[in-house]
Amino acid sequence: MFVAVEFMMTRLFFMKRILIFIVRFVIAILFIICIPYYYSCIYSFTESKSFSGDQFYNPYSNLDDEWLKANFHAHSKLAGGLAHGDNSPNEMLAEYDSIGYDLPCISNYNSIYNSERDLYVSDFEHGFNFGFVHQLVLNRNSSSWFDYPLFQSKHHKQFILNSLKEKDCIVALAHPNFQFGYNEDDVSMLVNYELMEVISRTASSVGRWDEALSSGHAVWAIGNDDSHEVDINSIGVCWTSINVNEKSAKSILKNLKRGRSIATRGWRGQDMQQLKFVNVEDGIMTVGLNKKADSIILKSDAGKTVAFATNDSIISYEIKPENSYVRTEVYETEPWNNYTRMYLNPILRSKTSEFISHTNKAEVSYFWTFLYWLGLFLFQWLLLFAFKRLKMKKIR
């Protein structure tokens, strides 16, 4: 009897020791994870407003003849195959070349692939966190590893967007509707980015795009595969077509910033339609295609459908005063393809013929930033106190 009791007491002793070790380990990890959160600030976001004005910005006015097909989100093998994709960069690029892409790009995590191709735009995916809050960064001189590993508020997300921005580079929100990426409040307030990955194999974020547009953010749609392997179901699923006046990286970046692009979901990069024109005259918007489409849908604020045409190549719509923007979706089917859907960038209301990227601002609030740092410091102090308290505790 005495031996059994002694055995149970010894077992309980070691179980408590293991439990305390686990708790202290978790506390230590939390303490370390808190450190990068000091490198941030709290922003005061001014109120976002929908686009307004009697004029319109049309990203497709005076279209050029050249369209380039691009993918800005693909991963190749790194670290001996332990991370990212299953194939080498050359294998990934060759597969895109084989189905007619003009601009396939490698966007490994926090790593820039320097290609010697005649036409290429450097690209990387930023994000090292559990919430999958990721960004695509085009034409930046160097990659960035800094990130907040756990929770990210809109203030952390804004700080990251600001830190990624450099002259002549473009920042896009990657798969915003995936996991804990970007919620509706985020996209209605965040500034200092130009593009949104509206469609990809990973997530459809059309709703997030409409929320941003409805809040007065002139962000343009791109479509990407987010491919990690050479596979028929991974390559050529979503792509971006860019209207350019010359085949050069400079022209590509310039026209991406101005919204002269189309995001498409389909099969193996096969274009089933071609945009001929988008005109706005006397408040009437007209979209013309090269052939009849199954359906052409015009959508406005909050994604509301305002016009619809079937088996036609042209659609017209008189823009109403309540329409701050109008965008076009083109739906097409063929026996060899389930469907193809094209997402055109919107016509925006404006006080001039140009557009304002964001109708609100994000300015640093020094008072709230100080309180944020103070609260973070107190939280770490409590963690340290608990860590030491557990160390001093005697086990009986």
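Heads up: the structure comes first, above all this text.
Each value, and the rule that gives it
- Starting afresh in each chain, residues are numbered from 1 along the sequence in its written order.
- Since the coordinates come from a predicted model, pLDDT governs what is reported: local features require at least 70, and pairs of side-chain atoms require 80 or more to be given and counted, while whole-chain, interface and lining totals use all residues.
- Each side-chain value is worked out from all heavy atoms of the structure, with water and hydrogens disregarded.
- Here a strand is any run of E in DSSP of at least two residues, a helix any run of H or I of at least four, and the numbering for each starts at the N terminus.
- Exposed residues in this analysis have more than 50% of their type's maximum accessible area, buried residues have under 20%, and partly exposed residues fall in between, with area computed by a 1.4 Å probe over protein chains only.
- What makes two residues a contact is simply this: any of their non-hydrogen atoms within 4.5 Å.
- Every accessible area reported is derived by Shrake-Rupley at a probe size of 1.4 Å, with residue values counting cover from the shown protein chains alone.
- Among the buried residues, those of types Ala, Val, Leu, Ile, Met, Phe, Trp, Tyr and Cys that are joined through side-chain atoms within 4.5 Å form a nonpolar core.
- In short, DSSP must find at least two bridges between two strands for them to pair.
- Between N-to-C directions, angles span 0 to 180 degrees; the directions come from axes that are lines fitted to C-alpha atoms, helices contributing only their stretch in contact.
- In the analysis that follows, any N or O atom pair within 3.5 Å is treated as a polar contact, provided that within protein one partner can donate a hydrogen and the other can accept it, and provided that, for residues neighboring in sequence, both atoms belong to side chains.
- When the centres of two rings from Phe, Tyr and Trp lie within 6.5 Å, Trp using its six-membered ring, the rings pair. Their planes under 30 degrees apart give stacked, over 60 give edge-to-face, and anything left gives tilted.
- Put simply, a salt bridge is a Lys or Arg side-chain nitrogen that is within 4 Å of an Asp or Glu carboxyl oxygen.
- Each patch is built from residues that are more than 30% exposed by relative accessible area and take part in no salt bridge. Like charges join if they lie within 9 Å; nonpolar side chains (Val, Leu, Ile, Met, Phe, Trp, Tyr) join within 5 Å.

Trainee: Please provide a residue-by-residue account of the overall build of the chain, values included.
Mentor: Of the regular secondary structure elements, the chain holds seven helices and 20 strands. If one aligns the C-alpha atoms of the chain with their principal axes, the spans along those axes are about 90 × 50 × 40 Å. Within the chain, buried positions represent 52% of all 396 residues. Pairs at least 24 apart in sequence give 68% of the contacts found in the chain among residues at least 6 apart. If you sum the accessible surface of the chain, you get close to 19700 Å²; carbon and sulfur atoms cover 57% of it.

Trainee: Before we move on, can you summarise the nonpolar core with the specific residues and values?
Mentor: Across soluble globular proteins, nonpolar side chains show a tendency to be buried alongside one another. Tyr193, Met196 and Ile252 are the most contacted members of the largest nonpolar core, which totals 75 residues. Among the elements that make up this core, the one with the highest residue count is strand E9 (residues 170-174) (five residues). Those residues within four positions of Met196 in sequence are excluded, and the remaining contacts are Ala172, Leu173, Pro176, Val187, Ser205, Arg208, Trp209, Ala212, Val219, Trp220, Ala221 and Ile222.

Trainee: Let's hear about the sheet that holds strand E10 (residues 195-200): which residues, and what values?
Mentor: Taken in spatial order, the five strands line up as E7-E8-E9-E10-E11 in an open sheet, and their pairing is mixed. Among the strands making up the open sheet, the edge pair consists of strand E7 (123-126) and strand E11 (220-224). Ignoring strand direction, the axes of neighbouring strands in this sheet form an average angle of 30°. Taken together, the five bridges between strand E8 (residues 134-138) and E9 define a ladder with antiparallel strand orientation. In the strand pairing of E9, His134 is matched with Ala174.

Trainee: Please set out the environment of Glu329 residue by residue, giving values where relevant.
Mentor: By the element assignment, Glu329 lies in strand E17 (residues 325-334). Sequence spacing of Glu329 and Asn345 is 16 residues, and the spatial spacing of their C-alpha atoms is 9.2 Å. Excluding its chain neighbours within four sequence positions, the residues that come into contact with Glu329 are Val206, Ser295, Ile296, Ile297, Lys299, Arg341, Met342 and Tyr343. Separated by 2.7 Å, the side chains of Glu329 and Arg327 make a polar contact. A polar side-chain atom of Glu329 sits 2.7 Å from a polar atom in the side chain of Arg341.

Trainee: Before we move on, can you summarise the packing of aromatic side chains with the specific residues and values?
Mentor: Overall, the coordinates contain 15 aromatic pairs when judged by the stated rule. Pairing Tyr57 with Phe355 gives two aromatic rings, centres 4.7 Å apart and planes at 50°, and the pair type is tilted. With Tyr57 in strand E2 (residues 55-57) and Phe355 in the loop between strand E19 (347-350) and strand E20 (362-364), the pair connects residues that are 298 residues apart, well separated along the chain. Judged by relative accessible area, Tyr57 falls into the buried class, the value being 3%. Where Phe146 meets Tyr148, the ring centres are 5.1 Å apart and the plane angle is 80°; that geometry is what we call edge-to-face.

Trainee: How would you sum up the pattern of salt bridges? Please name residues and give values.
Mentor: By the definition in use, this model includes 13 salt bridges. The closest approach of N and O atoms between Arg117 and Asp97, which form a salt bridge, is 2.8 Å. Placement of the pair is Arg117 in the loop between strand E6 (103-104) and E7 and Asp97 in helix H2 (residues 89-98), with a sequence separation of 20 residues. Using a relative accessible area of 26% as the deciding quantity, one classes Arg117 as partly exposed. Across the pair Asp210 and Arg327 runs a salt bridge whose closest N-O atoms are separated by 2.8 Å. In this pair, Asp210 is assigned in helix H5 (residues 206-214) and Arg327 in strand E17, connecting sequence segments 117 residues apart. In this structure Asp210 comes out as buried when scored by relative accessible area, which is 5%. A residue is classified by how much of its surface remains accessible, and Arg327, at 0% relative accessible area, is buried.

Trainee: Before we move on, can you summarise the environment of Ser316 with the specific residues and values?
Mentor: With respect to the helices and strands, the residue Ser316 is situated in strand E16 (residues 305-318). Of the residues examined, Ser316 reaches a relative accessible area of 45% and is grouped as partly exposed. Sequence spacing of Ser316 and Ser261 is 55 residues, and the spatial spacing of their C-alpha atoms is 20 Å. In this structure the side chain of Ser316 is engaged in a polar contact, spanning 3.2 Å, whose partner is the side chain of Thr286.

Trainee: Can you lay out a nonpolar patch on the surface for me, pointing to particular residues and giving the numbers?
Mentor: Together, Ile18, Phe21, Ile22, Phe25, Val26, Ile29, Leu30, Phe130, Leu150 and Phe151 make up a nonpolar patch on the protein surface, roughly 1000 Å² of accessible area in all. One can find Ile29 in helix H1 (residues 2-34).

Trainee: Provide a residue-level description of the side chain of Asn129, including the pertinent values.
Mentor: Note on placement: Asn129 falls in the loop between E7 and E8. The buried category is assigned to Asn129, whose relative accessible area is 12%. Polar side-chain contacts of Asn129 include one of 2.9 Å to the backbone nitrogen of Phe132. In terms of polar contacts, Asn129 uses its side chain to reach the side chain of Asp147, at 2.6 Å.

Trainee: Report on unusual backbone geometry, specifying residues and quantitative values.
Mentor: A positive phi is found at Asp168, a non-glycine position, where the angle reads about 70°. Within the secondary structure, Asp168 is located in the loop between helix H3 (154-164) and E9. On the basis of relative accessibility, which here comes to 45%, the residue Asp168 falls in the partly exposed class. Of note, Ala302 is a non-glycine position whose phi angle comes to about 60°, a positive value.

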